[in-house]
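Breakdown of the fold
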Amino acid sequence: MTEKKYNWMNTISLSLTFVLACTVVPWYGMKYGFTGFEWIVFGFFMVFTGTGITVGYHRLWSHKTYEANALFQSWFAFWGAVAAQNSIIAWSRDHRDHHKFVDNNEKDPYSAKKGFWFSHILWIFQDTRTDKDYGNVKDLLANKICVFQEKYYMPILIVGNFILPVAIGYIGNVLDPHPNGMVHSMIAMFLVAGLLRFVLNHHFTFFINSLAHIW
């Protein structure tokens with residue numbers, strides 16, 4: 001029996017962000033509150049990252065169900081990276097294998113036959129892909145936008161999840177001062193548009209692999 005190897009970066013980051021979203025966000029909301037502007041930005045971030053995965057990663061690149069110009073591809077590539085579910089190339093490689101071997105225990109990266117929690121999140125905690133075979137995404141390897149996003153995936157992720165929400169909080173406070181001051185405006189925006197959105201966006205996507213397949 002092959003020994004399970006864990007991806008500790010995924011395990012720690014996804015577990016920690018979930019715990020913080022369930023504790024710090026409601027605590028901060030009860031103590032200081034969130035403004036309408038902060039929830040509006042949260043909504044936009046949810047839509048942008050969600051469509052980055054569903055419209056971009058899934059329909060545009062994995063299944064190639066339509067074509068898009070460089071501007072739209074760049075938009076979806078940015079928000080797909082902010083969604084923090086891997087690069088276009090890696091995500092599409094796994095998804096194409098998933099469709100080729102649906103719920104096959106050995107070849108489907110997130111087979112629902114291995115149980116709800118495996119298909120929902122445990123497959124991300126484990127190093128289920130030890131090979132470097134990208135043979136099923138040669139078309140994406142020839143796409144300059146996909147290659148660029150692959151190369152700069154982590155910097156884009158950091159900018160979109162940390163710097164951008166804080167910057168919007170700062171700008172929002174300048175236009176409409178926060179009742180608790182500038183610092184709280186930036187913290188609150190990070191907590192809802194960054195942290196809470198990050199966790200919800202993940203699990204909404206994960207439910208497609210787990211809940212939808214099992215039901």
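The structure reproduced in this document is the subject of the present report. Note that this is a predicted model, so its numbers are computed, not measured.

**Remarks on the packing of helix H2 (residues 36-62) against helix H8 (residues 153-175)**
Close contact between H2 and H8 brings their axes to 10 Å; oriented N to C, the two are set at 155°. Taken together, H2 and H8 sit at an angle that is classed as roughly antiparallel. Here the hand of the crossing between H2 and H8 comes out right-handed. Contacts from Phe-37, Val-41, Phe-45 and Tyr-57 of H2 reach H8 at Tyr-153, Gly-160, Leu-164, Pro-165, Ile-168 and Gly-172. Considering only residue class, the contact of H2 with H8 consists of 8 nonpolar, 2 polar and no charged.

**Structural notes on helix H3 (residues 70-82)**
Its 13 residues give H3 an end-to-end C-alpha distance of 18 Å, which sits within 8% of 18 Å, the value for a rise of 1.5 Å per residue. The complete set of buried residues in H3 reads Gln-73, Phe-76, Ala-77, Trp-79, Gly-80, Ala-81 and Val-82.

**Some remarks on the pattern of salt bridges**
Under the definition given, this model contains 3 salt bridges. Its salt-bridge partner being Arg-93, residue Asp-94 comes within 3.7 Å of it at the nearest N-O pair. Its salt-bridge partner being Arg-96, residue Asp-139 comes within 2.9 Å of it at the nearest N-O pair. You can see Asp-139 sitting in helix H6 (residues 138-141) and its partner Arg-96 sitting in helix H4 (residues 88-100), a full 43 residues away along the chain. We classify Arg-96 as buried; its relative accessible area is 17%. Where salt bridges share partners, they join Lys-64, Arg-96 and Asp-139 into one cluster.

**Some details on the packing of H2 against H3**
When two helices pack together, their arrangement is given by the angle between the helix axes and by the axis-to-axis distance. Interhelical geometry of H2 versus H3 gives an angle of 115° and a closest axis separation of 8 Å. In this view, H2 runs roughly perpendicular relative to H3, as classed from their interaxial angle. The interaxial crossing formed by H2 with H3 has left-handed handedness. On H3, the residues that touch Phe-45, Phe-48, Thr-49, Thr-51, Gly-52, Ile-53, Val-55, Gly-56, Tyr-57, Leu-60 and Trp-61 of H2 are Gln-73, Trp-75, Phe-76, Ala-77, Trp-79, Gly-80, Ala-81 and Val-82. Here the residues of the contact of H2 with H3 sort into 13 nonpolar, 6 polar and no charged.

**Looking at the environment of Asn-69**
When you line up the elements, Asn-69 lands in the loop between H2 and H3. Reaching out from Asn-69, the side chain makes a polar contact with the backbone nitrogen of Leu-71 at a distance of 3.1 Å.

Cut-off values and rules
Residues numbered from 1 in each chain as written. Predicted model: local features only at pLDDT ≥ 70, side-chain atom pairs only at ≥ 80, totals over all residues. Heavy atoms only, no water. Axes fitted to C-alpha atoms, helices over the stretch in contact; angles between N-to-C directions. Helix = DSSP H or I, 4+ residues; strand = E, 2+ residues; numbered from the N terminus. Parallel < 35°, antiparallel > 145°, perpendicular 65-115°, else oblique. Left-handed = near helix turned anticlockwise from the far one by under 90°. Contact = heavy atoms within 4.5 Å. Nonpolar A, V, L, I, M, F, W, Y, C, P; charged D, E, K, R; others polar. Expected span 1.5 Å × (residues − 1). Buried < 20%, exposed > 50% of the residue type's maximum accessible area, 1.4 Å probe, protein only. Salt bridge = Lys/Arg side-chain N within 4 Å of Asp/Glu carboxyl O. Polar contact = N/O pair within 3.5 Å; in protein donor to acceptor, adjacent residues only side chain to side chain.

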